[in-house]
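# Reading the structure
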2 protein chains.
Amino acid sequence: MTGERGGPASKDRRRFLASAAAGAAVTVGAAAAPAVAAGVDFPKARGKFGAGGSESGGVSRAEMTLHDCEVEGQLPLDLDGTFYRVGPDAQYPKPKAYEDDIFFDGEGHVSMFRFRNGHVDFTSRYVRNDRWKAQHAARRSLFGYYRNRASDDPSVQNVRRGSHNTHIWVHANRLYALKEDSPPALIHPHTLETLDANYTFGGALTSQTFTAHPKNDPETGEMFAFGYEAKGLGSTDINVFSVGRDGQLKWSAWINAPYCCMLHDFAVTRRHIAFLAIPMAYSPASPVHWAWDSTKQPWLGVMRRGGDGKDIRWVPGPMNMSDHTMGSWSDGDRFYWDMDGADGNRFPFFPHLHDSFDPVKGQARVRRFSMDLSKKRITNFDMQVLYPDVTGALSRQDDRYNVDPYRYGFLVSNTQGKGPGWTMFDHQTRTHRTYHPGPDITLSEAVFAPRRKGAPEADGYLMGMAYFQKENRSEVLVLDTRDITAGPIARVQLPFKATPQIHGNWIPADQLPAV
Amino acid sequence: MTGERGGPASKDRRRFLASAAAGAAVTVGAAAAPAVAAGVDFPKARGKFGAGGSESGGVSRAEMTLHDCEVEGQLPLDLDGTFYRVGPDAQYPKPKAYEDDIFFDGEGHVSMFRFRNGHVDFTSRYVRNDRWKAQHAARRSLFGYYRNRASDDPSVQNVRRGSHNTHIWVHANRLYALKEDSPPALIHPHTLETLDANYTFGGALTSQTFTAHPKNDPETGEMFAFGYEAKGLGSTDINVFSVGRDGQLKWSAWINAPYCCMLHDFAVTRRHIAFLAIPMAYSPASPVHWAWDSTKQPWLGVMRRGGDGKDIRWVPGPMNMSDHTMGSWSDGDRFYWDMDGADGNRFPFFPHLHDSFDPVKGQARVRRFSMDLSKKRITNFDMQVLYPDVTGALSRQDDRYNVDPYRYGFLVSNTQGKGPGWTMFDHQTRTHRTYHPGPDITLSEAVFAPRRKGAPEADGYLMGMAYFQKENRSEVLVLDTRDITAGPIARVQLPFKATPQIHGNWIPADQLPAV
């Protein structure tokens with residue numbers, strides 16, 4: 001009966017798991033590859049790694065410099081800063097045995113739009129990490145499945161796998177390209193040159209990993225971050241720490257997750273730090289590290305910020321898969337955390353251990369998690385859907401409110417009949433407004449740029465990439481948050497499709513070093 | 001009555017000439033431009049400079065590096081060399097007063113596809129000439145109409161106008177980007193960095209200009225070139241010269257054209273050098289330097305190669321506009337020269353002084369010009385249409401036969417009902433074969449790559465850019481000259497539209513310096 005529900009997607013996953021078993025044998029075969037690799041040709045079939053390649057826009061791979069992009073409309077002349085983006089952009093097709101590998105495993109391609117005086121300069125560069133360099137020299141893919149060392153070519157068994165493809169973050173004048181399975185890559189904020197592909201804060205970072213979602217505290221100047229699987233793949237160890245405004249590691253604590261699972265984001269408030277364990281769990285049976293394990297339960301863990309972590313309280317709660325923080329805060333002993341989340345697995349490309357992917361359960365809405373820590377005994381965390389009528393992903397907020405009570409949030413939403421949009425939520429009035437770009441246009445994550453230093457919360461601009469499918473071309477749309485439904489005040493145009501994106505960030509010029 | 005024939009295009013030209021008169025006044029206004037230039041926004045209307053910008057593919061402007069392009073099909077593993085291209089890629093929109101300026105005035109954007117071991121690396125860079133640098137710093141266009149110094153911004157009256165946007169040529173291990181109104185720019189053949197934006201052969205070049213169409217003599221190792229308007233815009237002076245295999249200027253002679261006109265290409269044989277003066281003449285009334293002057297007559301001038309030029313014989317002949325050499329040779333005192341040419345003006349964007357553009361007269365076919373120099377008195381040059389059924393442009397040949405009798409030629413052709421194609425001519429059998437890529441695909445100039453060093457004439461590959469309009473994406477198509485109608489043996493894919501192109505060249509690896 002599960003076969004019927006799963007349909008073709010389910011068959012794909014079975015093939016997927018079957019090919020994982022063959023992985024070890026294929027690795028040996030790969031060593032016998034000819035000295036001159038075959039020409040680059042990505043597979044055509046949908047769902048394959050880099051599917052369609054150039055022809056279908058599955059990859060970009062082109063590092064670009066475009067001085068003075070064309071701008072339709074009028075950019076505010078005092079909008080001074082950089083819109084950074086990063087995403088997985090497959091450097092090479094995978095060997096046949098691993099071509100079922102997932103999109104998340106593409107090599108990190110960073111891009112930036114530097115806004116200044118109504119002009120915008122565009123640059124994109126791959127992160128020159130150890131993985132990129134090894135493959136560049138070999139002119140072929142050397143790393144197999146996502147987070148699966150056993151599938152790597154023998155020649156790179158001692159080469160770092162970090163792809164740095166998920167998020168871009170600035171703290172203490174440093175720009176980091178981030179992927180949650182590796183230490184950050186330090187990137188030159190103006191040239192995008194890779195300065196250090198394995199940045200460990202002068203050796204002070206003891207976690208083997210570093211989240212893609214740090215939070216900055218504007219008052220203390222600290223950056224809070226963590227690493228999960230911090231003592232190796234499959235480990236339950238979490239290292240949570242802060243970096244001071246001097247860029248030095250400041251505070252560090254070790255905790256343990258209830259089980260090893262994807263901890264993509266976290267919450268930091270003035271008093272608390274929290275993690276949500278979800279059933280996207282480490283599974284040796286999965287070729288791509290994770291599998292959806294419906295026998296597991298979500299757990300919310302909340303600890304005192306700045307403590308030694310021994311106070312952490314892990315509390316179970318209703319089934320969900322929530323991943324991106326919209327905002328979080330503490331009100332005395334009460335902890336609140338808003339995320340976009342679904343009732344079940346949201347990523348059909350990860351295998352299920354016990355059931356099949358359910359697209360209805362996979363639809364995400366904004367959810368508020370909370371816990372009253374004044375209580376001695378807490379049997380369950382609270383979870384409430386805030387806007388039942390809005391589905392979407394990639395929650396964001398005005399990042400100046402990362403650790404404080406906040407009012408406004410942003411989401412890439414999807415409205416039946418109207419297609420994709422950017423939605424702005426006002427939690428105080430519990431209302432929302434959506435900008436719809438129109439048919440055949442898809443949207444990436446929206447990021448917020450304050451109107452000026454010290455502007456009120458969410459007063460400024462919302463911007464992000466829009467892809468015009470018919471023209472095979474991308475633009476950065478800039479909207480005024482006073483009324484995003486009015487449409488873009490300016491459109492920054494590219495003559496081509498932008499590089500793939502997971503996350504992006506707006507960094508005001510005063511947070512970047514001088515050129 | 002001419003108004004009726006000319007139609008809307010004719011009105012455009014009248015506006016064009018009218019705006020030229022306003023040029024001087026506008027220049028003064030340009031000096032008062034604000035310190036912060038307006039954002040870049042190309043005009044929408046067709047026919048304007050950079051028309052449509054990114055949105056319509058009118059410009060690219062993106063400098064790119066794409067390691068290991070995707071390749072469909074199978075590239076010959078021993079195909080080792082670089083396919084270079086160059087074209088005008090508008091750096092900035094023109095000021096309003098000059099937005100009627102022509103496509104030819106865009107800044108030179110060079111690109112290269114480095115073929116080796118079945119892999120292809122792509123790079124594109126603007127020529128960093130004085131003009132590019134001045135505009136880059138100012139973030140706006142500073143140069144007005146095509147070859148019209150009076151329309152330039154006061155700030156650049158002493159800055160070189162050279163755009164280096166027409167052709168790319170290699171001789172004596174040096175790569176040149178060429179535009180016929182300026183000295184060459186010396187370009188790094190592997191990085192495309194501009195090494196010298198005003199290369200004068202160590203000061204030995206006395207001509208102010210240098211043709212975009214040099215010829216190489218494979219036996220002597222010489223490069224033959226010339227400059228017209230060599231003593232300044234409007235002058236009839238032609239300097240013709242050769243550069244030895246040591247890269248030093250070797251031979252030089254001065255001659256005079258019957259009138260100052262566009263001398264885009266020339267002919268070099270083992271015995272002769274020839275020029276064709278055509279009625280695309282210098283006119284102070286034209287804002288864009290040239291105008292079609294139907295009161296003038298074409299003249300063919302042939303001189304002894306290596307002489308002092310005093311022997312040149314200018315002979316008049318039937319009206320035509322022929323511009324690109326397919327091949328030329330001398331058979332004793334008989335001189336032969338094949339070009340693509342039309343009965344009248346081929347470029348509707350240049351104004352007519354006395355009549356209107358006639359699209360039928362503007363269609364070009366392969367023409368053979370000849371002159372018997374043994375005759376004491378020659379009243380007219382001979383001109384014969386070789387293949388009346390084929391119209392097209394951008395003649396090429398196997399460049400190893402630049403100065404020798406040749407058998408095969410190539411043309412970008414256009415067949416009623418079948419659209420664009422690449423045609424290969426066999427002059428011995430007077431036959432031709434055409435490859436048609438199919439609907440919605442446009443073709444750039446085709447270049448020839450020998451199968452290997454010492455391969456027979458035209459035995460190898462024909463390659464060039466194809467643009468897929470619906471996908472807004474370009475590919476290099478590689479055909480085997482044994483049968484070009486069989487279609488590409490390999491397709492080198494870009495995820496975007498290639499930069500604009502006038503000419504390109506295939507340079508075997510052994511003609512390039514080591515990296």
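Residues numbered from 1 in each chain as written. Chains lettered and ligands numbered in written order. Predicted model: local features only at pLDDT ≥ 70, side-chain atom pairs only at ≥ 80, totals over all residues. Heavy atoms only, no water.

Turning to the overall build of chain A, a few remarks are in order. Scanning chain A for helices and strands turns up three helices and 33 strands. Over its C-alpha atoms, taken along the principal directions, chain A stretches across nearly 60 × 60 × 50 Å. The buried share of chain A, reckoned over its 515 residues, is 64%. Looking at chain A alone, contacts between residues at least 24 apart form 61% of all its contacts between residues at least 6 apart. Accessible area for chain A stands at about 18,800 Å²; split by element, carbon and sulfur atoms hold 52% of it. Each charge class in chain A can be summarised by its mean position, and for the 60 positive and 58 negative side chains these summaries are 3 Å apart. (Helix = DSSP H or I, 4+ residues; strand = E, 2+ residues; numbered from the N terminus. Buried < 20%, exposed > 50% of the residue type's maximum accessible area, 1.4 Å probe, protein only. Contact = heavy atoms within 4.5 Å. Areas by Shrake-Rupley, 256 points an atom, 1.4 Å probe, with all protein chains shown as cover. Lys, Arg positive; Asp, Glu negative; His and termini not counted. Charge placed at Lys NZ, Arg CZ, Asp CG, Glu CD.)

In this section: the interface of chain B and chain A. At the interface, 46 residues of chain B touch 46 residues of chain A. Roughly 3,700 Å² is buried in total at the junction of chain B and chain A, and carbon and sulfur atoms are behind 42% of that figure. Inspection of the chain B/chain A interface yields six salt bridges. For Arg139 of chain B, the salt bridge goes to Asp121 of chain A, with nearest N and O atoms at 2.4 Å. Joining chain B to chain A, the criterion identifies 20 residue pairs in polar contact (both at pLDDT 80 or more). Within the residue set of the side of chain B that touches chain A, elements represented by two or more residues are α2 (53-56), β1 (63-66), β2 (70-73), β5 (119-126), α3 (130-138), β31 (473-480) and β32 (490-493) of chain B. The element that contributes the greatest number of residues to the side of chain B that touches chain A is β1 of chain B, accounting for four residues. Residues belonging to the side of chain B that touches chain A are distributed by class as follows: 16 nonpolar, 13 polar and 17 charged. (Buried area = accessible area lost by both parts, 1.4 Å probe. Salt bridge = Lys/Arg side-chain N within 4 Å of Asp/Glu carboxyl O. Polar contact = N/O pair within 3.5 Å; in protein donor to acceptor, adjacent residues only side chain to side chain. Nonpolar A, V, L, I, M, F, W, Y, C, P; charged D, E, K, R; others polar.)

Residue and element names in this part refer to chain A. Most of strand β15 (residues 272-277) is tucked away, with six of its six residues classed as buried. Every second residue of β15 is oriented toward a common face, with His272, Ala274 and Leu276 on one face and Ile273, Phe275 and Ala277 on the other, all of them buried. Pairing of strand β14 (residues 267-268) with β15, which is carried by two bridges, proceeds in the antiparallel orientation. Paired with Ala267 across the two strands is Ala274, which belongs to β15. Judged from the six bridges that link them, β15 and strand β18 (residues 299-304) form a sheet pairing that is antiparallel. From the neighbouring strand, Ala274 faces β18, where its bridge partner is Val302. (Pairing = 2+ DSSP bridges.)

On to the sheet that holds strand β15 (residues 272-277) of chain B, then. Read across the open sheet, the four strands follow the order β14-β15-β18-β19 (chain B); overall the sheet is antiparallel. Only two strands of the sheet have a single neighbouring strand rather than two, namely β14 (267-268) and β19 (313-316) of chain B.

Further remarks concern the pairing of strand β22 (residues 365-372) of chain A. Residues and elements named next belong to chain A. Among the eight residues in β22, seven count as buried, and that is most of the element. Note that strand β21 (residues 334-342) and β22 share eight bridges and pair antiparallel. Each residue of the ladder has a partner; that of Met339, found in β22, is Arg367. Relative to strand β23 (residues 382-385), β22 runs antiparallel, the two sharing four bridges. Residue pairing for β23: Arg368 is matched across the bridge by Gln384.

Before going further, it helps to examine the environment of Asp130 of chain B. All names here are of chain B. Mapping Asp130 onto the fold places it in helix α3. Accessibility expressed as a relative area gives 25% for Asp130, which makes it partly exposed. As for Asp130 and Val159, which are separated by 29 residues in sequence, their C-alpha atoms are 6.4 Å apart. Excluding residues within four positions of it along the chain, Asp130 makes contact with Val159, Arg160 and Ala197.

Residue and element names in this part refer to chain A. Relative to the assigned elements, Asn239 resides in strand β12 (residues 237-243). A distance of 3.0 Å separates polar atoms of two side chains, one belonging to Asn239 and the other to Ser252. Dropping the residues within four chain positions of it, Asn239 is found in contact with Thr206, Ser207, Ala225, Phe226, Gly227, Ala230, Ser252, Ala253 and Trp254.

Applying the stated criterion across every chain yields a total of 96 salt bridges over all chains. Between Lys470 of chain B and Asp440 of chain B there is a salt bridge, with the nearest N and O atoms lying 3.4 Å from each other. On the criterion of sequence distance, the pair formed by Lys470 of chain B in the loop between β30 (460-468) and β31 and Asp440 of chain B in the loop between β27 (431-435) and β28 (441-443) is long-range, its members being 30 residues apart. Note on Lys470 of chain B: relative accessible area 66%, which makes it exposed. Owing to a relative accessible area of 34%, Asp440 of chain B belongs among the partly exposed residues under this scheme. One continuous salt-bridge network, built from bridges that share partners, spans Asp217, Glu219, Glu222, Lys250, Arg270, Arg305 and Asp404 of chain A.

All right, on to unusual backbone geometry then. Positioned with a positive phi, Asn173 of chain A is a non-glycine residue whose angle comes to about 65 degrees. You can see Asn173 of chain A is positioned in the loop between β6 (167-171) and β7 (174-178). If you check the backbone angles, Asn472 of chain B has positive phi at about 50 degrees while not being a glycine. For Asn472 of chain B, the location among the structural elements is in the loop between β30 and β31. You can call Asn472 of chain B buried: its relative accessible area is 10%.

When chain B is fitted to chain A, the best match, at an RMSD of 0.0 Å, comes from turning it 180 degrees and sliding it 0.0 Å along the axis. Classification of the inter-copy transformation places it as that of a two-fold axis. For chain B, the smallest separation between a C-alpha atom and the rotation axis is recorded for Met64 of chain B, amounting to 2.2 Å. An overlap of 100% is found between the interface residues of chain B and their copies at the interface of chain A, pointing to a shared contact surface. (Least-squares fit on C-alpha atoms with pLDDT ≥ 70 in both.)

Our focus in this paragraph is helix α3 (residues 130-138) of chain A. All names here are of chain A. If you check which residues of α3 are buried, you get Arg131, Trp132, Ala134 and Gln135. Take α3 and look down its axis: the buried residues cluster within an arc of 165 degrees, on one side only. Where α3 is buried, its residues meet β5 (119-126). At the C-terminal side of α3, Arg139 shows a positive phi close to 60 degrees. (Arc of directions from axis to C-beta.)

Time to look at the packing of aromatic side chains. For any pair of aromatic rings, the description consists of the separation of the ring centres together with the inter-plane angle of the planes. Tallying each qualifying case throughout the model produces 69 aromatic pairs over all chains. Ring plane angle 75 degrees and centroid distance 4.9 Å describe the contact between Phe226 of chain A and Phe275 of chain A, whose orientation is recorded as edge-to-face. Placement of the pair is Phe226 of chain A in strand β11 (residues 223-228) and Phe275 of chain A in strand β15, with a sequence separation of 49 residues. A relative accessible area of 0% means that Phe275 of chain A is categorised as buried. Aromatic pair Phe349 of chain B and Phe350 of chain B: ring centres 5.3 Å apart, planes at 50 degrees, arrangement tilted. Residue Phe349 of chain B is classed as partly exposed on the basis of its relative accessible area, which comes to 32%. Linked through ring pairs, Phe83, Phe113, Phe122 and Phe496 of chain A together with Phe83, Phe113, Phe122 and Phe496 of chain B together constitute an aromatic cluster. Residue placement shows Arg451 of chain A over the ring face of Tyr461 of chain A; its charged tip is 5.2 Å from the ring centre. (Phe/Tyr/Trp six-rings, centres within 6.5 Å; stacked < 30°, edge-to-face > 60°. Lys NZ or Arg CZ within 6 Å of the ring centre and 35° of its normal.)

Right, let's talk about the sheet that holds β15 of chain A for a bit. If you trace the four strands from one edge of the open sheet to the other, you get β14-β15-β18-β19 (chain A), paired in antiparallel fashion. Looking at which strands have only one partner, the edges of the open sheet turn out to be β14 and β19 (313-316) of chain A.

A word on the nonpolar core. One finds Phe275 and Phe350 of chain B to be the most contacted residues of the largest nonpolar core, which totals 53 residues. Of the residues forming this core, the biggest block, five residues, is contributed by β15 of chain B. In terms of nonpolar packing, the next biggest core, distinct from the first, is built from 52 residues, Ala253, Cys260, Trp337 and Met371 of chain A among them. (Core = buried A, V, L, I, M, F, W, Y, C linked by side-chain atoms within 4.5 Å.)

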